[in-house]
Amino acid sequence: MSFTRIVKNGSVVTPEGVRNVDIGIDGDKITAIGPDLDDTAAEITDAEGHIVIPGVLDVHVHLELPFCGTTSADDYRSGTRAGARGGVTTLIDFAIPYAGDSLQQAADNWLAKARGKALIDYTFHICITRWDEHKDQIADMVKRGFTTFKEFMIYESEGWQSDDRAMFGTLEKMRDLGAMLLVHAESARVLDELIARHHTPELMKKWGARLHAITRPNFIEAEAIQRAVMWSEVTGGQLYIVHMSTAEGTEIVKAAQSRGVPVLAETCVQYLVLDDMVFDRPDGHLYACCPQLKKPADSERLWRGLKEDVVSVISTDTCTFTREQKAMWEGDWTKIPMGMPGLETLLPLTYTHGVLENRMTIEEMCRKLSTAPAQIMGLYPRKGAIQVGADADLAIIHPTSKIEVDPATMEGNADWSPFEGWHLAGFARTTISRGDVIVDDYKVVGKEGRGQWLPRDTAGLVPDRSRALHARGMLAT
Ligand SMILES: [Zn+2]
């Protein structure tokens, strides 16, 4: 057997567990896994003393997104370099239609952002922002290779908000097309009311950025998750709750799953390792993201939810804003650009605070960061696991050696990090994407523009492929 590259001497996390095996790569695929693979012509990557894991999928990312009166500061060049250094080999962004745009145009706009810049592979969730216009465009997007859609229950002022009628109708279509709806679940009307009640000069002076947390109590998320779950239950459409941040949400999803509702949930790593005490800091406004950080008890419930498999995926909701952009708030929390950098630290945070602190095993971490996201987003078995036939997407990490998080040495465009000064293990010593070494000795060496768009034909954890293909007219009845 001939290989272009062999990864030798590492502890390899495979679907069968951790094994001391070599990985044989031919071109962009893994073609053999076994002891003592040999080929004198192959390049050798030595993983001695290291752990080899499947490349991470960050399935919730916003690059170069016009939002909150500015544009998020990481584009496909800096964002994918940051990802690579954090062992991320696939990202999924959100194609959001600009005013008047069709879903096809939204996809075209985001493909153009990525083209020539992306270092790693990518695709998009397609955002349905105007149901009446977009509803008849969904089937064609599925045919084009986009199987995941997104609706926002808030963001009326951005022109993105969906109502119950849109969610209900979209979930029916998801059921018929074998596709999946992602929902940003926050309860818009009560949230607006709480913001209005607190939006006074006196309260803003008194509480500052803490009003972000004060106006979003947990029931804002819980009520919206409950409502979205109801529409999934009665339609049978596959639902995926993005960036779930509360204990209450976790309980609702757990109960729904146990009665057979096709609902899945994701959390983001910041909800696991940070809490709303950050708003007491002088620079607390930097930490405003949406939904906002919650309490330690919520983090603990989410960690348990991961263990119970109620929560299937850990992502980042990366939406980078610099200190200068964050300064636009000028004391009014409703004007803070909401979001944080994250791609570069997803794996190090999950490894350090999950695996090294015994909240999850290394196999469980790989399931939450690679295998489950790939399966749920319709990218498995091409992505998501170290197995023969898969793309050769690998991250090689040291089991214990830690690096201090320092924005000055990071690849992203943020001049701050929510994790500045933290010591984290799990940065990628080596990242391999489709057989190419793109990070070597902790430095990005891959060529920008080499990343590929990934078409998909399924979504959801247990996709009923034949039903979906019948519905699309691709199989004879
Ligand atoms: Zn998001």
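Quick summary incoming for the structure in this document. Since this is a predicted model, take the numbers as computed values, not measurements.

Observations concerning the overall build of the protein
Across its full length, the protein holds 16 helices and 23 strands. On C-alpha atoms alone, the protein measures out to a radius of gyration of 21 Å, which is about the 23 Å that the 2.2 N^0.38 rule sets for 477 residues. A total of 477 residues make up the protein; the buried ones form 62% of that total. For the protein, contacts bridging at least 24 residues in sequence account for 75% of all contacts bridging at least 6. Separation between the mean location of the 51 positive side-chain charges and that of the 68 negative ones in the protein comes to 2 Å.

With respect to the pattern of salt bridges
Inspection of the entire model under this criterion finds 38 salt bridges. Through salt bridges with shared partners, one network takes in Lys29, Asp121, Arg382, Lys383, Asp391, Asp393 and Arg434.

Points about the nonpolar core
In terms of nonpolar packing, the biggest core is built from 140 residues, with Phe149, Tyr240 and Met365 touching the most fellow members. Top contributing element to this core by residue count: helix H15 (residues 362–376), with seven residues. Contact partners of Phe149, with chain neighbours within four places excluded, come to Ile126, Ile128, Ile138, Met141, Val142, Met174, Ala179, Met180, Leu181 and Leu182. If you look at the next biggest cluster of nonpolar residues, it comprises 13 residues, including Val21, Ile30, Ala392 and Leu394.

Here we look at the pairing of strand S14 (residues 180–184)
Buried residues dominate S14, accounting for five of its five residues. Alternating residues of S14 divide into Met180, Leu182 and His184 and Leu181 and Val183, and every residue in both groups is buried. Note: strand S13 (residues 148–152) against S14, five bridges, orientation parallel. Each residue of the ladder has a partner; that of Glu151, found in S14, is Val183. Where the polypeptide runs from S13 across helix H5 (residues 164–177) and back to S14, its parallel neighbour, the crossover connection is right-handed.

Describing the packing of helix H9 (residues 218–235) against helix H10 (residues 247–258)
The contact between H9 and H10 brings their axes to 8 Å, and the two run at 20°. The angle between H9 and H10 falls in the class roughly parallel. As H9 packs across H10, the resulting crossing turns out to be right-handed. Note on element contacts: H10 touches H9 through Glu248, Gly249, Ile252, Val253 and Ala256, opposite Asn218, Ala222, Ile225, Gln226 and Val229. Residues that form the contact of H9 with H10 fall into these classes: six nonpolar, three polar and one charged.

Section: the coordination of the zinc ion
Protein-derived coordination of the zinc ion comes from His60 (NE2), His62 (NE2) and Asp317 (OD), at a distance range of 2.1 to 2.2 Å. All donors to the zinc ion come from one chain, and their sequence spacing reads H-x1-H-x254-D. Taken together, the residues His60 in strand S8 (residues 56–61) and Asp317 in the loop between strand S17 (313–315) and helix H13 (323–326) connect sequence positions 257 residues apart. Side by side, His60 and Asp317 carry an identical accessibility label, which is buried.

A short note on the side chain of Arg456
The residue Arg456 is located in the loop between strand S23 (443–444) and helix H16 (465–471) in this model. No salt bridge is formed by the buried Arg456. Its closest oppositely charged neighbour is Asp457, at 8.8 Å. A polar atom in the side chain of Arg456 sits 3.0 Å from the backbone oxygen of Met377. In this view, Arg456 contacts Ile92, Thr123, Phe124, Val142, Gly145, Phe146, Thr147, Thr148, Met377, Gly378 and Leu379; residues no more than four positions away in its chain are not counted.

Observations regarding the environment of Arg367
Among the structural elements, Arg367 can be located in helix H15. Residues Arg367 and Gly384, spaced 17 residues apart in sequence, show a C-alpha to C-alpha distance of 8.1 Å. The residues touching Arg367, leaving out its near neighbours within four places in the chain, are Asp309, Ser312, Ala372, Pro373 and Gln375.

Re H5
Here H5 contains 14 residues, and its C-alpha end-to-end distance of 20 Å stays within 8% of the 20 Å for a straight helix at 1.5 Å per residue. Between the side-chain oxygen at the start of H5 and the backbone nitrogen of Arg165 there is a gap of 3.2 Å, and the oxygen is on Asp163. Two residues or fewer past H5, Gly178 is found with a positive phi of approximately 70°.

Let's talk about the packing of aromatic side chains
One pass over the structure, following the stated rule, counts 13 aromatic pairs. Here Tyr76 and Tyr122 contribute two aromatic rings whose centre-to-centre distance is 5.9 Å and whose plane-to-plane angle is 65°, an arrangement assigned as edge-to-face. A residue pair is termed long-range when its members are at least 10 positions apart, and Tyr76 in helix H1 (residues 76–85) and Tyr122 in strand S12 (residues 121–127) qualify at 46 residues. The class of Tyr76 is buried, set by a relative accessible area of 0%. In this structure Tyr122 comes out as buried when scored by relative accessible area, which is 6%. With centroids separated by 6.3 Å and ring planes inclined at 25°, the aromatic side chains of Phe124 and Phe146 adopt a geometry described as stacked.

Some points on unusual backbone geometry
For the bond from Cys290 to Pro291, the omega torsion is 0°, close enough to zero to count as cis. Within the secondary structure layout, Pro291 lies in the loop between helix H11 (269–273) and helix H12 (296–308). Between Tyr380 and Pro381 the backbone carries a cis peptide bond, its omega angle lying at 5°. Positionally, Pro381 belongs in the loop between H15 and strand S18 (394–397). Positive phi outside glycine occurs at Tyr155, with the angle close to 75°. With respect to the element layout, Tyr155 can be found in the loop between S13 and H5.

Structural notes on the environment of Thr90
Checked against the element boundaries, Thr90 lands in strand S11 (residues 88–95). What makes Thr90 buried here is its relative accessible area of 0%. Remark: the alpha-carbon pair of Thr90 and Gly451, spanning 361 residues in sequence, is separated by 8.8 Å. Other than its neighbours up to four places away in sequence, Thr90 contacts Val56, Leu57, Asp58, Ile120, Asp121, Leu379, Lys383, Asp393 and Leu454.

With respect to the sheet that holds S12
The eight strands lie next to each other as S8-S11-S12-S13-S14-S15-S16-S17, forming an open sheet whose pairing is parallel. The sheet is open, and its two edges are formed by S8 and S17, each paired on a single side. Direction aside, the axes of adjacent strands within the sheet are offset by 30° on average. Across four bridges, S8 lies against S11 in parallel orientation. Looking at S11, one finds that Val56 is bridged to Val88. Lying on the sheet, H9 is in contact with S14, strand S15 (238–241) and strand S16 (263–268); it crosses S15 at an angle near 165°.

Rules of the game
- Residues numbered from 1 in each chain as written.
- Predicted model: local features only at pLDDT ≥ 70, side-chain atom pairs only at ≥ 80, totals over all residues.
- Heavy atoms only, no water.
- Helix = DSSP H or I, 4+ residues; strand = E, 2+ residues; numbered from the N terminus.
- Rg over C-alpha atoms; globule rule 2.2 N^0.38 Å.
- Buried < 20%, exposed > 50% of the residue type's maximum accessible area, 1.4 Å probe, protein only.
- Contact = heavy atoms within 4.5 Å.
- Lys, Arg positive; Asp, Glu negative; His and termini not counted.
- Charge placed at Lys NZ, Arg CZ, Asp CG, Glu CD.
- Salt bridge = Lys/Arg side-chain N within 4 Å of Asp/Glu carboxyl O.
- Core = buried A, V, L, I, M, F, W, Y, C linked by side-chain atoms within 4.5 Å.
- Pairing = 2+ DSSP bridges.
- Right-handed = clockwise from strand over helix to strand, strands pointing away.
- Axes fitted to C-alpha atoms, helices over the stretch in contact; angles between N-to-C directions.
- Parallel < 35°, antiparallel > 145°, perpendicular 65-115°, else oblique.
- Left-handed = near helix turned anticlockwise from the far one by under 90°.
- Nonpolar A, V, L, I, M, F, W, Y, C, P; charged D, E, K, R; others polar.
- Donors = N, O, S within 2.8 Å, 3.2 Å for Na, K, Ca; no water.
- Polar contact = N/O pair within 3.5 Å; in protein donor to acceptor, adjacent residues only side chain to side chain.
- Expected span 1.5 Å × (residues − 1).
- Phe/Tyr/Trp six-rings, centres within 6.5 Å; stacked < 30°, edge-to-face > 60°.

Keep in mind that these numbers describe shape and distance, not what the molecule does.
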